[in-house]
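# A look at the structure
Each chain, written out:
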Amino acid sequence: MAAAVLVPYGSAATTVRVLPLVIFNICDCYVRRPDQADRVIGTLLGSVLADGTVDVRNSYAVPHNEFSDQVALDIEYHHNMLMSHQKVNPKEAIVGWYSTGFGVTGGSALIHEFYSRETSNPIHLTVDTTFRNGETTIKAFVSVNLSLGDQQLAAQFQEVPVETKMVEAERIGYDLLKSTVADKIPSDLEGMEGSMEKLLTLIDDVYKYVDDVVEKRVAPDNNIGRFIAETLSSLPKMSPVSFDKLVNDNLQDQLLLLYLSSIIRTQLSLAEKLNTAAQVI
């Protein structure tokens, strides 16, 4: 007699791509949560690409009540928020839901069942806002149905890869916020300095790799060589004098903006004090 085998049933996402705006929004909702709430639950908006990648571009929190393993969502609030978001971004649809915490909990199956009625193959994104590992941990799960032959038995959460795609300006803020301690938010000049230091470190690593390949200390990799060649070919061709002038002009623009913002703050403060003094008189 042949042994019974449990096999997954149905298709699901292969990769989840999350914009940093979504992570910031989830953390902000967690900070503003009610005092009696242990976590935040919300809806993820975005689209599903042709290769199966789920592109998460927006989110909003949904009020809920939890007791034991039971979860009660405010469905009317959820639908009203969805209608409001789709008036602004009609191309964004429900792709799943999120919760703060380290992983899947007992009530996750109930919430996932609700979102399965809202969209097909929803994803479940978890964001660890307690910094258990010293930084924010982001995980994504899909529900995979287990079947025995043609009979569907149960469902389990299966983890899928998560990719956080961001530009350099977003990465600076994300690296700052994902750490547990930060003295202050860096200014534009400090952010530029940090970016230049990282760029110099990467250039040193590339220089060391190329030198090792030339000296035959490391076996050459065609993919790395092709990537270096494409990177060098994308650089603008300009003289050192023109490059220095470009950097100095940008630096002067940054200093001018700082000076103007300082003048505006001083003027607003002075106007407020004059207005207060006029009311007293």
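Everything numeric here is computed off the predicted structure, so don't read it as measured data.

## Regarding the pattern of salt bridges
- Applying the stated criterion across every chain, the model contains eight salt bridges.
- For R57, the salt bridge goes to E92, with nearest N and O atoms at 4.0 Å. You can see R57 sitting in strand β4 (residues 54-61) and its partner E92 sitting in the loop between α2 (75-88) and β7 (93-100), a full 35 residues away along the chain.
- The salt bridge involving D212 is made with R217; its shortest N-O contact spans 2.7 Å.

## Some remarks on the side chain of R17
- Examined against the element boundaries, R17 turns out to sit in strand β2 (residues 16-18).
- Setting aside its immediate chain neighbours within four residues, R17 contacts L49, T53, V54, D55, V56, E163 and K165.

## A look at the environment of E92
- Since its relative accessible area comes to 9%, E92 is described here as buried.
- Taking C-alpha positions, E92 is 9.1 Å from V56, a pair spaced 36 residues apart along the chain.
- Ignoring anything within four residues of it in the chain, the contact list for E92 reads L45, G46, R57, N58 and Q86.

## A look at the side chain of S108
- Looking at the secondary structure, you find S108 in helix α3 (residues 108-118).
- Look at S108 and you get buried, because its relative accessible area is 0%.
- With sequence-adjacent residues up to four places away left out, S108 is seen in contact with W97, H124 and F157.

## Observations concerning a nonpolar patch on the surface
- Nonpolar side chains collect at one region of the surface, where M196, L199, L200 and I203 lie side by side and expose about 370 Å² of accessible area between them.
- Within the secondary structure layout, L199 lies in helix α5 (residues 188-214).

## Here we look at the nonpolar core
- The biggest cluster of nonpolar side chains holds 21 residues, and the ones touching the most others in it are V16, V18, L44, V56, Y98, I123 and L125.
- Put simply, the parts of the chain that give this core at least two residues each are β2, α1 (20-31), β4, β7, β8 (123-127) and β9 (138-148).
- Here the element with the most residues in this core is α1; it accounts for five residues.
- Look past the residues within four positions of Y98 in its chain and what remains in contact with it is I26, C29, V40, I41, G42, T43, L44, S59, Y60, A61, H124 and L125.
- Among the nonpolar cores identified, the runner-up in size contains eleven residues, and V62, V71, W97 and Y115 belong to it.

## A word on the confidence of the model for the protein
- The pLDDT averaged across the protein works out to 81; a share of 82% of its residues lies at or above 70.
- Within the model, the stretch residues 1-11 combines pLDDT values under 50 with 17 contacts to residues more than four positions away or in other chains.

## Focus on the packing of aromatic side chains
- Inspection of every chain in the model, using the stated rule, returns two aromatic pairs.
- With a centroid separation of 6.2 Å and 10 degrees between ring planes, the pair formed by W97 and Y115 is classed as stacked. With a gap of 18 residues between them, W97 in strand β7 and Y115 in helix α3 connect regions that are remote in the sequence. An identical accessibility class is assigned to W97 and Y115; each is buried.
- Between F114 and Y115, the ring centres sit 5.1 Å apart and the planes meet at 80 degrees, which makes this aromatic pair edge-to-face.
- Note on F114: relative accessible area 9%, which makes it buried.
- Ring pairs connect the aromatic residues W97, F114 and Y115, which therefore count as one cluster.

About the criteria used
Residues numbered from 1 in each chain as written. Predicted model: local features only at pLDDT ≥ 70, side-chain atom pairs only at ≥ 80, totals over all residues. Heavy atoms only, no water. Salt bridge = Lys/Arg side-chain N within 4 Å of Asp/Glu carboxyl O. Helix = DSSP H or I, 4+ residues; strand = E, 2+ residues; numbered from the N terminus. Contact = heavy atoms within 4.5 Å. Buried < 20%, exposed > 50% of the residue type's maximum accessible area, 1.4 Å probe, protein only. Patch = residues over 30% accessible without salt bridge, like charges linked within 9 Å, V, L, I, M, F, W, Y side chains within 5 Å. Areas by Shrake-Rupley, 256 points an atom, 1.4 Å probe, with all protein chains shown as cover. Core = buried A, V, L, I, M, F, W, Y, C linked by side-chain atoms within 4.5 Å. pLDDT = per-residue confidence, 0-100. Phe/Tyr/Trp six-rings, centres within 6.5 Å; stacked < 30°, edge-to-face > 60°.

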